[in-house]
Amino acid sequence: MAQVWLIGRPVAHSLSPAMHNAAFAKLGLPHRYETRETADDQLAATVAGLRADDVLGANVTIPHKESVLRLLDEIDDEARRIGAVNTIVSRGARLIGYNTDKHGFEKALETQGGGFPFVDDRILILGAGGAARACALALLENGNNVDIANRDPARAEALVRSIEVDGRRPEVVPWPRGRMLVDAVVNATPLGLNGEEALEDAQLPMWVIDLVPTAEETPLVKRAKATDNVTVVDGLSMLLHQAARSFELWTGVPAPLEVMRAALPRSV
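Rules of the game
Residues numbered from 1 in each chain as written. Predicted model: local features only at pLDDT ≥ 70, side-chain atom pairs only at ≥ 80, totals over all residues. Heavy atoms only, no water. Helix = DSSP H or I, 4+ residues; strand = E, 2+ residues; numbered from the N terminus. Rg over C-alpha atoms; globule rule 2.2 N^0.38 Å. Contact = heavy atoms within 4.5 Å. Areas by Shrake-Rupley, 256 points an atom, 1.4 Å probe, with all protein chains shown as cover. Lys, Arg positive; Asp, Glu negative; His and termini not counted. Charge placed at Lys NZ, Arg CZ, Asp CG, Glu CD. Pairing = 2+ DSSP bridges. Polar contact = N/O pair within 3.5 Å; in protein donor to acceptor, adjacent residues only side chain to side chain.

**So, the overall build of the chain**
In terms of helices and strands, the chain carries 9 helices and 12 strands. Whereas a compact globule of 268 residues would reach a radius of gyration of roughly 18 Å, the chain reaches 18 Å, a difference of no more than 12%. Expressed as lengths along the three principal axes of its C-alpha atoms, the size of the chain is roughly 55 × 35 × 30 Å. Considering only intrachain contacts with a sequence separation of at least 6, the fraction spanning at least 24 residues in the chain is 64%. Of the roughly 11600 Å² of accessible surface on the chain, 47% is carried by carbon and sulfur atoms. Within the chain, the 36 negative side-chain charges are centred at a point lying 2 Å from the centre of the 28 positive side-chain charges.

Right, here's the structure in full:
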């Protein structure tokens, strides 16, 4: 039996094991997806463990998507452009880093909007971690203007310096209060994981995309669904599509998407 790990902190809440283990079982693959709670000072040792013969690779989540890059042998071009890795594939003891968050984000939006819904729009991203980086690149590549708001302005500035498409970069803005003059907001922070709402002091725009993948709808998703004329993209949708791409990287076979979807606690 080969293993796949989820490396991060916290990970006990994750819905990924149910999805991936259902997919392995459906295809008769003798693999097991397991969580590995990993503090900052444990990251190097945990990643080194991926070189074992019985490990296919790993997903990487908060807070390690950026710091893990230095521990890998090779980085896929897109992951390098984003500056974050969420998927590691072990090939002959060499560790290769990929980013499937951008794919998951794009597919989630396409599924909701009947094609990528934003071109030449202004989009606000909350957060400046690995998921925010993936979303910023996707939005810039589709011709949008991207604002970044983060509790730590220094991290937001670092994101802005590192991502550029056709001479355009995101712009750092204050955390929103009151009315937002944007077409959509993307919550790429963990706010909502423990019942908080990221935008409790702000009026919602026409699109709300919450990347927090929780068994119950986050407060932001609930409020957005209860607000007239707001289109909502739930975090489970991005989770599903990035997971399917990761599955294919580890196994080399198409992911059974509907099986993975059915393993989630609610429909997306």
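Now that the structure has been shown, the text picks up again.
**Some words on the sheet that holds strand β12 (residues 231-233)**
With parallel pairing, 6 strands are arranged side by side in an open sheet as β9-β8-β7-β10-β11-β12. The open sheet has two edge strands, β9 (171-172) and β12, and neither has a second partner. Bridging between strand β7 (residues 122-126) and strand β10 (residues 184-187) involves 4 bridges; their strand directions are parallel. Residue pairing in the sheet places L126 in a bridge with N187 of β10.

**Comments concerning the side chain of N144**
With respect to the helices and strands, N144 occurs in the loop between α5 (130-141) and β8 (145-149). Of note is the side chain of N144, whose polar atom sits 3.0 Å from the backbone oxygen of L139. Excluding residues within four positions of it along the chain, N144 makes contact with F116, F118, V119, D120, D121, I123, L139 and R168.

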